[in-house]
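# Topology and contacts: notes
This is what each chain is made of:
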Amino acid sequence: MQKKWWHNTIGYQIYPKSFQDTNGDGIGDLPGIIAHLDDLAELGINMIWICPVNKSPMADHGYDISDYDEIDPMFGSLADMKHLIAEADKRGIKILMDLVVNHTSSEHVWFQKALQDPDGEYGKYYIIREGKDGKEPNNWRSIFGGSAWERIGNTDKYYLHLFTKWQPDLNWENEKLRKEIYAMINRWLDMGLGGFRIDAISHLKKDFAYQNLPADGVDGYVNGFPYFRNVKGIEKFLNELKRETFQPHDAFTLAEADDVPPEELEDFIGENGYFSSIFDFCHTRYHVNDPKWKDRPVEMINDLRDALFKKQEYVNGSGFLCNFLDNHDTSRSAERFIPRDNIGYHSMSTLGSINFFFPGIVFLYQGQATGMRDYRKKSIDEFKDPTTFNMYKGYLQEGMTEEQALEKLNVESREHARTPMQWNSRENAGFTTGTPWFAVNPNYKEINFEAAKNQEESLYHWYKKMIALRKADDYRDLFIYGDLIPAYEKTDGVIAYKRSNQDRSVLIVCNVKGTSEKLPFEGRVKKVLLSNYDNVNIGNRELSLREYETIIMETEK
Ligand code: GLC
Ligand code: CA
């Protein structure tokens, strides 16, 4: 495999609204990111992905862009962005912006013109269709609930929006639109960005042969994924996008592309793939409080392990998936994978290790290494996201009581990941001197970055040590290019794997459960590299693991 500059990426995702406010308006901003670059460099980070900071009315917190070339004043200015890129560069950190080109904001000037003249030039930038019998063109459900179509004024025309109605989908079949998008991307790359995280990219191509299908919910709509996700023909757009923009800049691209069929993974992330890496979400949907897994946390871990290894098997060394656990679209991973009573340093450090040393690109999410937790809400009014309200409405429609619907959101809402970053134990967790746009989790007095850093045994230091190990001269090549060999796959609640190349072999063993385990062990330990307990119990042909114990050791070849 040809070596690339981004192969040793240790990434960190920032949700800018909630990272650090510097001007007291209660909203995180670009100067706030600059202020913490040293902290991130100290942790070992060398790539930062920032969720959208372009001009936006914020109907979907920035995933609705009204001007691609501007920074939203809420976050700062273009000069701040350039300053951030330069300051990050000084610390060996590359910046990724979020590229949202499946849709724009409904306030984008293109869409405003399209509304005025749906049959004109800009009408062709979007997906506009005639209604049918006074109703939507078909019964596709939006990914965020409700119809995927919105009527244009009093006309019988509708525009497509796979997400909220404030996010009209762009028409990628239109070459003129594509050229405008490529030019915009190149303007940003010319400024020195490392590349992009690419939003919702598997939806670019739509299959319009489809008409109405039988509804699959009480709302009368149907999940249309087969007609607008990874649809045949998308390869034309993705190849062209790469050729016209990323490739000439040698940019790093990390695409949100779920459920890519195994036989197409090579096209996506192989040596000549459309992207450098992709986010696959096979593991993010597990939740210990899901009725399917309730009271069966160990079975859930077994299932999760099989899903993770299966994906790696599909890739089979031909490219890099992204090794992540948390992001801005899910509740916090500790709450998802660990039964509440067991959440603590040992369980969280073990969780952090289950895929950290996989072949792939590591990405942490803000607060993950600080041990941030979900903040349960007492009322629906405490949430902020239109999609949450849509879901709530849907649950009530399905017959849930208000309490049940709220409980479900308290388990699964993506907003849990969006509470302000907890920096220290001072007011508002040091996030802002003003009123935070979204309530700070009251647990900040105990759970915060400063406390984690000052404590010898903390999740922060565990992550820092894991990062240092992945980057160490002696091990870097092994962790990037070595083979992945699953181990102890039949042992309940254990996720273990070996990384191996000609020179070295490292075994990572995670006991992801609240009970101890004894494993047969034939190998010879060369060196224990990391362990989340004070000592390790490696006896004659046996490895004894305490609850949530993780050992990372080099073994004789
Ligand atoms: C992606 C983003 C999500 C956003 C959606 C629409 O899934 O991660 O936050 O709401 O796209 O742009
Ligand atoms: Ca601010």
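A word on the overall build of the protein chain. Looking only at helices and strands, the protein chain has 16 helices and 23 strands in total. Since a compact globule built from 557 residues should have a radius of gyration of about 24 Å, the 24 Å found for the protein chain is in line with a globular shape. Taking all contacts inside the protein chain whose residues are at least 6 apart in sequence as the whole, residues at least 24 apart take part in 69%. Summing over all exposed atoms, the protein chain offers an accessible surface of approximately 22400 Å²; the carbon and sulfur share of this is 46%. Averaging the locations of the 68 positively and 87 negatively charged side chains of the protein chain gives two centres separated by 2 Å.

As a further point, take the pairing of strand β2 (residues 47-50). For a regular strand, the rule is simple: side chains alternate between the two faces of the sheet. Burial along β2 is two-sided: the face carrying Met47 and Trp49 and the face carrying Ile48 and Ile50 are both buried. As paired strands, strand β1 (residues 10-14) and β2 are joined by 4 bridges and run parallel to one another. By the bridge assignment, Gly11 is partnered in β2 with Met47. As defined by bridge partners, β2 adjoins strand β5 (residues 94-99) across 3 bridges and the pair is classed as parallel. Residue pairing across strands places Trp49 opposite Leu96, the latter belonging to β5.

Evaluation of the coordinates by the stated rule reveals 37 aromatic pairs. Between Trp140 and Tyr227, the ring centres sit 6.4 Å apart and the planes meet at 20°, which makes this aromatic pair stacked. With a gap of 87 residues between them, Trp140 in strand β7 (residues 140-141) and Tyr227 in helix α6 (residues 225-228) connect regions that are remote in the sequence. Between Phe268 and Phe275, the ring centres sit 6.2 Å apart and the planes meet at 45°, which makes this aromatic pair tilted. Taken as a pair, Phe268 and Phe275 share a single burial class, namely buried. Aromatic ring contacts, followed pair by pair, group Trp140, Trp149, Phe208, Phe225, Tyr227 and Phe228 into a single cluster. Sitting above the plane of the Trp437 ring, Lys17 keeps its charged end 4.1 Å from the centroid. The ring centre of Tyr475 lies 4.9 Å from the NZ or CZ of Arg504, which sits over that ring.

The next point concerns the pattern of salt bridges. Within this structure, the stated rule accounts for 45 salt bridges. Salt-bridge contacts for Lys157 lead to Glu130; the nearest nitrogen and oxygen are separated by 2.8 Å. Highlighted residues: Lys157 in strand β9 (residues 157-160) and Glu130 in strand β6 (residues 128-130), separated in sequence by 27 residues. According to the relative accessible area criterion, Lys157 is buried, its value standing at 14%. Taking the relative accessible area as the measure of exposure, Glu130 reaches 44% and is therefore partly exposed. Salt bridges sharing common partners tie together Asp60, Asp329, Asp385, Arg414 and Arg418.

Definitions and limits used
Residues numbered from 1 in each chain as written. Chains lettered and ligands numbered in written order. Predicted model: local features only at pLDDT ≥ 70, side-chain atom pairs only at ≥ 80, totals over all residues. Heavy atoms only, no water. Helix = DSSP H or I, 4+ residues; strand = E, 2+ residues; numbered from the N terminus. Rg over C-alpha atoms; globule rule 2.2 N^0.38 Å. Contact = heavy atoms within 4.5 Å. Areas by Shrake-Rupley, 256 points an atom, 1.4 Å probe, with all protein chains shown as cover. Lys, Arg positive; Asp, Glu negative; His and termini not counted. Charge placed at Lys NZ, Arg CZ, Asp CG, Glu CD. Buried < 20%, exposed > 50% of the residue type's maximum accessible area, 1.4 Å probe, protein only. Pairing = 2+ DSSP bridges. Phe/Tyr/Trp six-rings, centres within 6.5 Å; stacked < 30°, edge-to-face > 60°. Lys NZ or Arg CZ within 6 Å of the ring centre and 35° of its normal. Salt bridge = Lys/Arg side-chain N within 4 Å of Asp/Glu carboxyl O.

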